[in-house]
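# Structural description and commentary
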Amino acid sequence: MSLKNILIVGLGSIGLRHLRIARELFPESRIAILRHKENNEIPEGADEVFFNLSHAIKFQPEIAIICSPASTHVEISRSLVKQGIHILIEKPISNEQKGLKELNYEAVKNNCVLTIGYNLRFLPSLNKFKKLIDENLIGDIYSIRSEVGQYLPNWRDTDYRKTVSAQKSLGGGVLLELSHELDYLRWIFGDVESVQAQLSKQSKLEIDVEDTAHIILKFKQKENNTNLVASLSLDFIRHDKVRSCHVIGEKASLKWNGLTGDIDLFKSNNSEWENIHSYEIDQDESYKGEWLHFIECINKRKSPDILFQDGIKVLDIIDSINKASSSGKRVKVK
């Protein structure tokens, strides 16, 4: 697909990444940025900057990447799909359920590809990890432990207090900001039946959102009448940055390191971990894969691998986690 015009909505750290990738993949295209803060600066790689949605629509983009705060995703996306513009919404799909059905309706009505930016699904290491599990390398799965964490002030080159992550009104907090884990666990292990959770603000960070989440996910019953259970920890407070998934199986344990690209195996008769796959980390690789898949879906008029409904499912789990933490009880996921 030869793209004439590309629109990127929002110019935080993720917006800048998408701008860089768009310019690399489509050097001849015109790229416009829609921002809410007015200034005369045009970022490197961009051709135009708009501060009004109606002006951005007159630019006639074929595609738009929504990188604004989660609280603005639905309203902006709905205006764009009404014009027949294909949309990739950065995760999470929104900070609330309001307007999601209407947005999906408009996208279907106007034949728009609508996908969600859970880019970890395009990591070679995570794809290999899923493949090994699907191939029954470790036998029946007994337990899952997943965690992700990083100290929020070190996350980006800006004042953490002014970021989306730190502000409830914009869709911040670990549940929404680190929802990649909820998406990939669903992708690999199936739909979640119920949750238990404890959300809290443990640190002295100047934020009005939770900085820590400890979650138990109970997956829907499998053929052997057992319910697989995963423990998931999310945080903004740890100084030892981590992103990993450890799966305990009948014949062995399998471990994925999302920061190094390593996959390690511990067999029942082993005395130590064995590295079975190692992938060189390219910070842009999964985003480029996401872009190329998005464009392929438009060209071939096919459904994306990450559906709009996947984004809604993650939001359903998040809603249930919030209820479980408030009530102290197990909550079923709708």
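First, a word on scope: everything that follows refers to the structure included in this document. (Residues numbered from 1 in each chain as written. Predicted model: local features only at pLDDT ≥ 70, side-chain atom pairs only at ≥ 80, totals over all residues. Heavy atoms only, no water.)

## Quick look at the packing of helix α7 (residues 180–189) against helix α9 (residues 308–327)
- The geometry of α7 relative to α9 is characterised by a closest axis approach of 10 Å and an angle of 115 degrees between their N-to-C directions. Classed by the angle they form, the pair α7 and α9 counts as roughly perpendicular. You can see that α7 and α9 cross each other, and the crossing is right-handed. Across the interface between the two elements, Leu182, Asp183 and Arg186 of α7 pack against Asp310, Lys313, Val314, Ile317, Ile318 and Ile321 of α9.
- When grouped by side-chain class, the residues that make up the contact of α7 with α9 number five nonpolar, no polar and four charged. (Axes fitted to C-alpha atoms, helices over the stretch in contact; angles between N-to-C directions. Helix = DSSP H or I, 4+ residues; strand = E, 2+ residues; numbered from the N terminus. Parallel < 35°, antiparallel > 145°, perpendicular 65-115°, else oblique. Left-handed = near helix turned anticlockwise from the far one by under 90°. Contact = heavy atoms within 4.5 Å. Nonpolar A, V, L, I, M, F, W, Y, C, P; charged D, E, K, R; others polar.)

## Considerations on the nonpolar core
- Leu80, Phe129 and Leu217 are the most contacted members of the largest nonpolar core, which totals 81 residues.
- If you tally residues by element for this core, the top one is α9, at eight residues.
- When sequence neighbours within four positions are dropped, the list of residues in contact with Leu80 reads Leu7, Val9, Leu53, Ile57, Ala64, Ile66, Ile85 and Ile87.
- Membership of the second largest hydrophobic core comes to 24 residues, among which are Ile8, Ala46, Cys67 and Phe294. (Core = buried A, V, L, I, M, F, W, Y, C linked by side-chain atoms within 4.5 Å. Buried < 20%, exposed > 50% of the residue type's maximum accessible area, 1.4 Å probe, protein only.)

## Details of unusual backbone geometry
- Of note, the bond from Lys91 into Pro92 is cis; its omega dihedral lies within 30 degrees of zero at -10 degrees.
- Inspection of the secondary structure assignment puts Pro92 in the loop between β5 (86–90) and α4 (100–109).
- One non-glycine residue, Gln60, lies in positive phi territory at about 60 degrees.
- Here Gln60 is to be found in the loop between α2 (53–58) and β4 (63–66).
- The backbone of Arg301 shows a phi angle near 50 degrees, a positive value even though the residue is not glycine.
- As for its position among the elements, Arg301 is in the loop between α8 (285–300) and α9.

## Looking at α7
- Counting buried positions along α7 yields nine of ten residues, so the element is predominantly enclosed.
- Those residues of α7 not exposed but buried are His180, Glu181, Leu182, Asp183, Tyr184, Leu185, Arg186, Ile188 and Phe189.
- Gly190 sits one or two positions beyond α7 and adopts a positive phi of about 105 degrees.

## Things to note about the environment of Gln221
- Examined against the element boundaries, Gln221 turns out to sit in the loop between β9 (212–219) and β10 (229–235).
- Judged by its relative accessible area of 48%, Gln221 falls in the partly exposed class.
- C-alpha separation for the pair Gln221 and Glu193, spaced 28 residues apart in sequence, amounts to 8.2 Å.
- Excluding residues that lie within four positions of it along the chain, Gln221 makes contacts with Glu193, Thr226 and Asn227.

## Some thoughts on the sheet that holds strand β14 (residues 274–278)
- Across the sheet, nine strands lie side by side as β14-β13-β12-β11-β7-β10-β9-β8-β15; this open sheet has mixed pairing. The open sheet has two free edges, formed respectively by β14 and β15 (331–332), since each of these has just one partner strand.
- Across the sheet, helix α5 (residues 124–134) is in contact with β7 (141–149), β11 (242–249), β12 (252–257), β13 (262–267) and β14; its angle to β12 comes to roughly 165 degrees.
- Taken strand by strand, α9 contacts β8 (192–200), β9 and β15, and its axis lies near 55 degrees from that of β8. (Pairing = 2+ DSSP bridges.)

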